[in-house]
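Inside the fold
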Amino acid sequence: MRLSKSLVPTLREDPADAEAISHTLMLRAGLIRQLAAGIFVWLPLGQRVLDRINAILREEMNAIGGQEITMPVIHPAELWKQTGRYDGIPEMFKLKDRHDRDLVLGMTHEEVIAWLAAREIRSYRDLPQIWYQIQTKERDEARPRSGVLRTREFVMKDSYTLDPDLPALDRSYAAHEAAYRKIFDRCGLTYRVVQSDTGMMGGLGAHEFMAPSPAGEDEIAICAGCGYAANVELAKGVPEPPAFPPGTKEEVATPNARTIAEVAAFLKVDPRLTLKSLLFVAPKAGPVLVLVRGDHNLHERKLARALGEEARAAHPAEVQQHLGAPVGSVGPVGARVPVLADEALKQGTYVVGANREGFHLRGVTPGRDFQARFVDLHTVAPGEACVSCGKALEVERVIEIGNIFKLGTKYSEGLNAKYLDESGQEKPIVMGSYGIGPARIAATAIEQGADADGIVWPAAIAPFDVHIVLVSRRDEAQVAAAESIYAACRAAGLQAVLDDRDERPGVKFKDADLLGVPVRVTIGNALAKEGVVELKERRAPRREQRVAPGAVVDAVRALRA
RNA sequence: CGGGGCGUAGCGCAGCCCGGUAGCGCACCGGACUGGGGGUCCGGUGGUCGCAGGUUCAAAUCCUGUCGCCCCGACCA
């Protein structure tokens, strides 16, 4: 590619709308432009990066027996009604055609796969299968953010496995996990594999591939001792219990003290000796009082799992109605609603709201003074003890770059995807589903690798292998050398970009750094003086070497090796 | 959905309180010089001040509404 003739609109300044490093640099390096919130145009350089990532995805998926297909973006609503997912997913784009038929834009493809399997799979002899596609997904996200890290339209490599039984699913799942490790290794990312919630996807188990980055939206808890690692929506930790002072149950006036901090300060007690009482309302179960330790935060995902349904926080009027006291004075003692308490509250005595405005109770012992169901509810905090080995957990912010789900038979049963086993018995096909977002790989590579000068691409997914800077377009010898090096690189199978613009050298060097191509070749003064060109690595420590123009291809290859 | 911020030239911004000529830097076009880390000088092009309504002799500026974008949270199949 010649920069003089290409659409590579680099920006000198940081765009005002970009916060994340990857967002800023993808805009500045001319990889993307934003059309609307969470909707992007991929420019030539960005497209090249995606192409390279997709090539790796195809190689590794094919290597485990994956067969590439392409499914539609537009689905009949009926398909989603059959699996019960048509209603209740706010992110789903819905539309009608001219005949007033309901359609949806595909946000994932379990339904279509199950539909296809129901038609094409007959026998255990047809199994297992791995089908995948690299295709556009549409999701009306509540809040698109951080450039291409969370968008409303994005390309996903989604694959699906069809197996006769659970042991076979386990093998397909393991094959995917291994393939994913190869993919992310090749893409040059640092990541870990963690246990994750199956969420509303349903299913038997799931893992996420998480890349550490401050730009991430998720948090994981990890144990340096035993290797335990899980998304915080799932991760369990054992908090250190405070020293519980002796004392019996008594009511104390706490005028104007409503928050945990105010109550703790007023009574001069450690917040860890108080209980946070939160009223939630579940669609089926109704009101439920949820308790976590004063210094802890409830994880609503854990609550949803414990209840078996999504609950919402009660309105102040509902709190008054169900507990007879306003927010800030409520507690579990004498409450007429079911109580769900965090496991950490099995021991100790606490300060709780008295269900009487302006009063709290101290010396309250869970289990004695009120009954509750104990489940893990609090969000794990750094320093809590690992449940398997007892060492202190760390909490790390991460970008989710891939996930793998054991789906089981939820979708195959909904869409009647069955097969006949060896004994002629009809059985539901056991499914798995697996996703990777190529744009997230690109953004994560930038987040993890960029320096003050711009992008530093991992070699395998860089838009080019070599960036050739022609310092002076008016120097005929330099032009001739640059052209022959450019041609030689391309002939040798290297992806090369030639900066043949009529710009000052400084501009070209700045842009080269910004674009982040692994090796830069500069054809400048050293050519006339010493008959050499200069090679410089983009990655720190930015080693340099000088070689004859004819030796550039070998030198670039050596650097890549 | 809750909270906050911002919409003025392609990009980054000032002007808005306190109404009266639409400005700066970069980019872009022409010219001269320059030529190894985002050059200098001279001369230019380019703006429905997001949109609609209102107040006023007069609105980028004040008022009302609306649309869009960003950030924090909720959510994230």
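Residues numbered from 1 in each chain as written. Chains lettered and ligands numbered in written order. Predicted model: local features only at pLDDT ≥ 70, side-chain atom pairs only at ≥ 80, totals over all residues. Heavy atoms only, no water.

1. Examining the state of the cysteines
According to the stated counting rule, one finds zero disulfides in the structure shown. Cysteine 223 takes part in no disulfide bond, and the closest cysteine sulfur to it belongs to cysteine 389, at a distance of 3.3 Å. Looking at cysteine 223, the relative accessible area reads 5%, which means it is buried. Free of any disulfide, cysteine 226 has its nearest cysteine sulfur in cysteine 386, 3.6 Å distant. For cysteine 226, a relative accessible area of 40% translates into the label partly exposed. (Disulfide = S-S within 2.5 Å. Buried < 20%, exposed > 50% of the residue type's maximum accessible area, 1.4 Å probe, protein only.)

2. Quick notes on the protein's contact with RNA strand B
Close to RNA strand B lie 47 residues, the nearest being Arg12, Ile89, Arg150, Arg474 and Asp513. In RNA strand B, the atoms that sit within 4 Å of the protein are 45% sugar and phosphate, with bases accounting for the remainder. Within the side chain of glutamate 534, a nitrogen or oxygen atom sits 2.8 Å from a base nitrogen of RNA strand B. Secondary structure elements with two or more residues in the surface near RNA strand B: β1 (32-36), α7 (300-307), α12 (505-515), β29 (519-523), α13 (525-530) and β30 (533-537). No other element matches the seven residues that α12 contributes to the surface near RNA strand B. Of the residues contributing to the surface near RNA strand B, the split by class is 14 nonpolar, eight polar and 25 charged. (Near = heavy atom within 4 Å. Polar contact = N/O pair within 3.5 Å; in protein donor to acceptor, adjacent residues only side chain to side chain. Helix = DSSP H or I, 4+ residues; strand = E, 2+ residues; numbered from the N terminus. Nonpolar A, V, L, I, M, F, W, Y, C, P; charged D, E, K, R; others polar.)

3. Structural notes on the pattern of salt bridges
Summed over all chains, the structure comprises 44 salt bridges. In this structure, arginine 150 and glutamate 141 form a salt bridge, with 3.0 Å as the shortest nitrogen-oxygen distance. Since its relative accessible area comes to 14%, glutamate 141 is described here as buried. The salt bridge partner of arginine 312 is glutamate 318, with a shortest N-O separation of 3.0 Å. A single network of salt bridges, built from pairs that share partners, joins Glu141, Arg145, Arg150, Glu217 and Arg440. (Salt bridge = Lys/Arg side-chain N within 4 Å of Asp/Glu carboxyl O.)

4. Here we look at the packing of helix α1 (residues 21-28) against helix α10 (residues 438-449)
Packing of α1 against α10 leaves a shortest axis separation of 8 Å and a crossing angle of 105°. Of the possible angle classes, the one that applies to α1 and α10 is roughly perpendicular. Residues Ile21, Ser22, Leu25 and Met26 of α1 form the contact with α10, whose own contacting residues are Ala442, Ala443, Ile446 and Glu447. (Axes fitted to C-alpha atoms, helices over the stretch in contact; angles between N-to-C directions. Parallel < 35°, antiparallel > 145°, perpendicular 65-115°, else oblique. Contact = heavy atoms within 4.5 Å.)

5. Quick look at the environment of glutamate 138
Relative to the helices and strands, glutamate 138 is located in strand β7 (residues 129-138). Relative accessible area serves as the criterion here: at 11%, glutamate 138 is assigned to the buried category. Sequence separation of glutamate 138 and isoleucine 39 is 99 residues, and the distance between their C-alpha atoms is 10.0 Å.

6. Section: helix α8 (residues 316-323)
Regarding α8, the residues found buried are Glu318, Val319 and Leu323. Take α8 and look down its axis: the buried residues cluster within an arc of 105°, on one side only. Turned more than 90 degrees off the buried face of α8, the exposed positions are Ala317 and Gln321. Of the surrounding secondary structure, the elements contacted by the buried residues of α8 are β15 (275-282), β16 (286-293) and β17 (312-313). One or two steps after α8, the chain reaches glycine 324, where phi turns positive at roughly 75°. (Arc of directions from axis to C-beta.)

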